[in-house]
Amino acid sequence: MPKQLITTNSFPENASPALSKLLLLTAQALQQVRQGQSLTQIIENTHHSHRPAVQALSFHVMRNLGCSQWLLGQLMPKKPPANLEPLLLTSLALLWPQSSMPYTPHTVVNQAVNAVRQRAPGLASVTNAVLRRFLREQAMWVEASQQNPQAQYNHPTWWIDLLQHDWSDAACTIMAAAQSRPPLILRVNQRVMSSAQLLEHLNHHGIEANCYPAITLDSRRSLETPAAIVLLKPLPVHQIPGFDEGWWSVQDAAAQLAAPLLLQGLKSAAPDTPASHRWRVLDACSAPGGKTAHLLEMANLDLWVLDVDEQRLAKVEQNLKRLKLGEATGSQVSMRAVDARQVMQWWDGEPFDAILLDAPCSASGIVRRHPDARWLRRSSDIPALAQIQSELLDQLWPLLRPGGQMLYATCSVFKQEGQNQIDAFMQRIGLQNAQLNPTSPQHILPMVNNALADSEQTIICDGFYYGLLHKF
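Enquirer: Break down the packing of helix α17 (residues 381-396) against helix α18 (residues 419-429) for me, citing the residues and quoting the values.
Expert: Contact geometry for α17 and α18: axes closest at 11 Å, N-to-C directions at 40 degrees. With respect to their mutual orientation, α17 and α18 come out oblique. Handedness of the α17/α18 crossing: right-handed. Of the residues in α18, those touching α17 at Ala386, Gln389, Ser390, Leu393 and Asp394 are Gln421, Ile422, Phe425 and Arg428. Taken together, the residues that form the contact of α17 with α18 break down as 4 nonpolar, 3 polar and 2 charged.

Enquirer: Give a detailed account of the pairing of strand β10 (residues 352-358), specifying residues and quantitative values.
Expert: With 7 of 7 residues buried, β10 lies mostly within the body of the structure. For strand β7 (residues 279-283) and β10, the ladder comprises 3 bridges, and the chain directions are parallel. The residue of β10 that forms the bridge with valine 281 is alanine 354. Summarising the sheet, β10 and strand β11 (residues 400-410) pair through 6 bridges and their orientation is parallel. The partner of leucine 357 across the bridge, within β11, is tyrosine 408.

Enquirer: Could you give an account of the nonpolar core, with specific residues and numbers?
Expert: Residues Leu39, Leu71 and Phe134 are the most contacted members of the largest nonpolar core, which totals 50 residues. Going through the elements one at a time, α1 (19-34), α2 (39-44), α3 (51-63), α4 (65-75), α5 (85-95), α6 (105-119) and α7 (124-136) are the ones with two or more residues in this core. Ignoring sequence-local partners within four residues, the contact set of leucine 71 consists of Leu92, Trp96, Phe134 and Trp141. Grouped together as the second largest cluster of nonpolar side chains are 45 residues, Leu223, Leu296, Leu303 and Leu356 included.

Enquirer: Any chance you could break down the packing of α1 against α5 for me, citing the residues and the numbers?
Expert: Relative to each other, α1 and α5 sit at 110 degrees, their axes nearing to 8 Å. Taken together, α1 and α5 sit at an angle that is classed as roughly perpendicular. Crossing hand, α1 versus α5: right-handed. Residues Leu23, Leu24, Thr26, Ala27, Leu30, Gln31 and Arg34 of α1 form the contact with α5, whose own contacting residues are Glu85, Pro86, Leu87, Leu89, Thr90 and Leu94.

Enquirer: I'd like a rundown of the packing of aromatic side chains, residues and numbers included.
Expert: For the coordinates displayed, the defined rule picks out 12 aromatic pairs. Between tryptophan 304 and phenylalanine 352 the ring centres are 5.5 Å apart and the planes differ by 85 degrees, which places this aromatic pair in the edge-to-face class. Of the two residues, tryptophan 304 sits in strand β8 (residues 301-307) while phenylalanine 352 sits in strand β10, which places them 48 residues apart along the sequence. For tryptophan 304, a relative accessible area of 5% puts it in the buried group. With 6.5 Å between their ring centres and 40 degrees between their planes, tryptophan 346 and phenylalanine 352 make a pair best called tilted. Summarising the burial analysis for this pair, tryptophan 346 and phenylalanine 352 share the class buried. Aromatic ring contacts, followed pair by pair, group Trp158, Trp159 and Phe414 into a single cluster.

Enquirer: Can you lay out the sheet that holds strand β2 (residues 209-211) for me, pointing to particular residues and giving the numbers?
Expert: The pairing of strands in a sheet comes from backbone hydrogen bonds and takes either a parallel or an antiparallel form. An order of β2-β5-β1-β6 is seen for the 4 strands of this open sheet, with the pairing classed as antiparallel. Each having just a single partner strand, β2 and β6 (248-250) make up the two edges of the open sheet. Pairwise comparison of adjacent strand axes, ignoring direction, gives a mean angle of 30 degrees for this sheet. Strands β1 (184-188), β2, β5 (228-231) and β6 of the sheet are contacted by helix α12 (residues 195-204), whose axis makes an angle of about 170 degrees with β2. Together, β1 and β6 form the strand contacts of helix α14 (residues 290-298), whose direction differs from that of β1 by roughly 35 degrees.

Enquirer: How would you summarise the side chain of aspartate 353 if you had to cite specific residues and measurements?
Expert: Here aspartate 353 shows up in strand β10. One polar contact links aspartate 353 to arginine 401, side chain to side chain, over a distance of 2.5 Å. When sequence neighbours within four positions are dropped, the list of residues in contact with aspartate 353 reads Leu266, His277, Trp279, Arg280, Leu400, Arg401, Gly404 and Gln405.

Criteria and thresholds
Residues numbered from 1 in each chain as written. Predicted model: local features only at pLDDT ≥ 70, side-chain atom pairs only at ≥ 80, totals over all residues. Heavy atoms only, no water. Axes fitted to C-alpha atoms, helices over the stretch in contact; angles between N-to-C directions. Helix = DSSP H or I, 4+ residues; strand = E, 2+ residues; numbered from the N terminus. Parallel < 35°, antiparallel > 145°, perpendicular 65-115°, else oblique. Left-handed = near helix turned anticlockwise from the far one by under 90°. Contact = heavy atoms within 4.5 Å. Nonpolar A, V, L, I, M, F, W, Y, C, P; charged D, E, K, R; others polar. Buried < 20%, exposed > 50% of the residue type's maximum accessible area, 1.4 Å probe, protein only. Pairing = 2+ DSSP bridges. Core = buried A, V, L, I, M, F, W, Y, C linked by side-chain atoms within 4.5 Å. Phe/Tyr/Trp six-rings, centres within 6.5 Å; stacked < 30°, edge-to-face > 60°. Polar contact = N/O pair within 3.5 Å; in protein donor to acceptor, adjacent residues only side chain to side chain.

Set out below in structure tokens:
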């Protein structure tokens, strides 16, 4: 799963850089995304003085890229010069009617023209003409956009088609949720303190927060997330007490289900196991490590941590140190930068009690946190990712002891990466060898969940798939 950008995701007040400079940086970020780079990495590489504003503008542009691409095609049927197109797309996305925009249309147009004059003076008049034409004819274009699915929903057409195929009428709700700004959810390190104690600390510092309500799966089922706390107003992590002390981590409530599901599955399968027992557990695709840390916060484990990316694995290690997890808590942690599918390169031959397979996926369930994901992916990526998921399942299943538990997880709402993947796996291994735990939540859709107490804000959890498999 992609690393979450931990910032306010809102427009800074009185941002010092000129808007023309920010527009150029945002247009550059857009161009890099269109070339296949992750917005997370782009923002991390942006100078710290520009980072908050560029992130806020970039998120806004990514959420409105469908309509701005369609609109530019209507206003300029002939493709604009390569050095102008990203700035025009950025400007049109910011001019699209939005109540949250802090800049007047007049300011955006003037600053966009100034930005072009800095880089390509000969194109300033074209920029001015295109943007002002949109403002004159805005009502007409907004109405016409509703006839184009990509402009209407701000998702690629193939993505829309796949959601409608998988979820029918719920597809529109899922895409609407992807356009929302996510709340900041904390996961309390319950080796250090309780949720009530952290809430007390937050309230003492004037930070409004509440315990996260249960995640509603359907009319009969809901799942508690006792370590989850939601902030009513997102803040940078270093403005929240306890980050450096390891009191908490940032993690969406839906992602906080993984560790409890796996560990409760173990305990249910072997209820007489002493509480002091140290389970042997494999975390097969660990980075960015939120679920890894949660496992160690909940139990003493002999934990094998794998990830194919050595740099991302180093960040997992840093995070565990911040949270003061590992041998000091009674756990043994072993980290390896390897491809989990290459079993003979890393396995010692001893079976695992449990395996967490948080498999690489499209990230289609966390688009509101990573609005670039829908534009980075191609339709051909889904079957390619599904093949990797299938190979991981097939290679890791033999490493699980009889009676053991495997939790297959993806932050995806596409059935090819969730329900269909597990159905096909069960057919391959046979029902006599495995059982899908009936308490598995399976697909969790990113839809409105519950209202926060004393607030008009609503909570939408991220989209996930969880399949808990018991081995006979």
